[in-house]
Amino acid sequence: MIPSILLSPVGALAFGLAMPGDQAPPPPRMKELGTRPDRAVGKATRLATIEPTVPAFVNATAVFAWNDGVVYHAYTAAGRVTDIILQPGEILGSVASGDTARWIIGDTTSGSGADKRAHVLVKPFAAGLTTNLVITTDRRTYHVLLTSGSASAMAALSWTYPADEMVALRKVEEAKAAAAPVAAGLDVDALRFGYTISGDRPGWRPLRAFDDGRQTFIEFPATLGQGDAPPLFAIGADGNAELINYRVRGHFYVVDRLFDVAELRLGTKKQIVVRIQRPDIDRQRGGRK
């Protein structure tokens with residue numbers, strides 16, 4: 001948005017902005033735009049309505065992919081109950097219908113624990129009826145269009161939840177990564193601990209460092225991934241710093257080399273520095289305490 005105080009009256013008019021003291025023009029109405037409101041609403045609703053298709057059925061259940069704001073069409077028949085099945089673990093809040101006089105609407109549950117599911121059951125009194133349902137839960141709101149016929153009826157409808165499945169998959173992958181070993185083929189007898197860690201004490205300060213004669217491993221608190229990951233620099237005998245390449249495995253830095261002295265540095269004006277030294281050179285070089 002361009003602030004009006006930066007514009008001259010001519011500029012403000014060019015951008016369609018009201019000047020102080022002016023009354024903003026009312027928004028154009030649908031009729032003035034040549035569109036009847038009822039037709040616009042009807043068209044928008046039709047475009048947002050998802051119809052069941054043969055490939056969408058799993059046995060006798062129509063399975064839709066969940067999408068917020070979409071209307072799902074359920075076909076019912078007089079004398080038959082159609083079962084609307086919600087997500088496992090989803091808690092039913094309320095069910096509202098546009099026609100409670102000619103439709104029987106109830107709810108029940110199945111299963112237990114994490115597999116417990118809420119069901120909304122609908123049955124029309126006659127053929128040729130149309131109404132809608134608004135189902136609210138602790139996770140989302142469902143909009144369902146109900147029509148009744150004389151013979152064919154959907155036994156049940158349910159949904160898949162792609163967004164939830166992606167989140168669950170991401171959590172599984174993160175758990176696998178956290179549980180995976182930091183490195184394969186480590187010779188436990190060759191591990192050398194006793195690295196000195198000194199300097200500042202930020203929340204990400206390493207817990208320990210060790211090597212196996214080929215690689216250096218720096219262990220951080222498990223919360224490392226929730227904040228800034230500090231870059232690692234090797235400190236030469238002349239005091240110059242050189243950026244080191246490393247891999248992040250869970251809450252470890254894996255460095256494919258050994259170093260005598262290294263520093264983790266974060267920040268610019270007031271830099272946080274944590275110094276890491278190999279045990280056999282602690283007496284040869286001074287360090288930050």
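So, here's what we can say about the structure. The model shown is predicted, which means the values in this text are computed figures rather than measured ones.

Before going further, it helps to examine the overall build of the protein chain. Looking only at helices and strands, the protein chain has three helices and 20 strands in total. Across the 289 residues that make up the protein chain, the buried fraction comes to 32%. Sequence separation of at least 24 residues holds for 59% of the intrachain contacts in the protein chain that already meet a minimum separation of 6. When the accessible area of the protein chain is evaluated, it comes to approximately 17,800 Å², of which 56% is carbon and sulfur surface.

This paragraph deals with the sheet that holds strand β15 (residues 232–235). Two orientations exist for strands paired in a sheet by backbone hydrogen bonds: parallel and antiparallel. Ordered by their spatial adjacency, five strands build an open sheet running β12-β20-β19-β15-β16, and the pairing between neighbours is antiparallel. Pairing within the sheet leaves two strands with one partner each, and these edge strands are β12 (196–199) and β16 (241–243). Across the sheet, the mean angle separating the axes of adjacent strands is 30° when strand polarity is ignored.

This next bit is on the packing of aromatic side chains. With the rule as written, the count across this model stands at twelve aromatic pairs. Between F64 and Y72, the aromatic rings sit 5.2 Å apart at their centres with planes inclined by 55°, giving tilted as the arrangement. With respect to class, F64 is no different from Y72; both count as buried. Aromatic side chains F193 and F210 sit 4.9 Å apart centroid to centroid with 35° between the ring planes, which places their arrangement in the tilted category. On the criterion of sequence distance, the pair formed by F193 in the loop between α3 (162–179) and β12 and F210 in strand β13 (residues 208–211) is long-range, its members being 17 residues apart. What makes F210 buried here is its relative accessible area of 7%. Through a chain of ring-to-ring contacts, three or more aromatic side chains come together here, namely F64, W66, Y72, Y142 and W159.

With respect to the helices, strands and loops of the structure, D211 is situated in strand β13. Taking relative accessible area as the criterion, D211 reaches 1% and is therefore assigned buried. Polar side-chain contacts of D211 include one of 2.4 Å to the side chain of Y195.

In globular proteins that are soluble, nonpolar side chains generally tend to be buried together. In this structure, I84, L133, L157 and W159 are the most contacted members of the largest nonpolar core, which totals 22 residues. Elements with a minimum of two residues in this core: β3 (61–65), β4 (71–77), β8 (117–124), β9 (130–137), β10 (141–149) and β11 (156–160). If you look at the next biggest cluster of nonpolar residues, it comprises 17 residues, including I197, I218, L264 and V274.

Rules and cut-offs
- Residues numbered from 1 in each chain as written.
- Predicted model: local features only at pLDDT ≥ 70, side-chain atom pairs only at ≥ 80, totals over all residues.
- Heavy atoms only, no water.
- Helix = DSSP H or I, 4+ residues; strand = E, 2+ residues; numbered from the N terminus.
- Buried < 20%, exposed > 50% of the residue type's maximum accessible area, 1.4 Å probe, protein only.
- Contact = heavy atoms within 4.5 Å.
- Areas by Shrake-Rupley, 256 points an atom, 1.4 Å probe, with all protein chains shown as cover.
- Pairing = 2+ DSSP bridges.
- Axes fitted to C-alpha atoms, helices over the stretch in contact; angles between N-to-C directions.
- Phe/Tyr/Trp six-rings, centres within 6.5 Å; stacked < 30°, edge-to-face > 60°.
- Polar contact = N/O pair within 3.5 Å; in protein donor to acceptor, adjacent residues only side chain to side chain.
- Core = buried A, V, L, I, M, F, W, Y, C linked by side-chain atoms within 4.5 Å.

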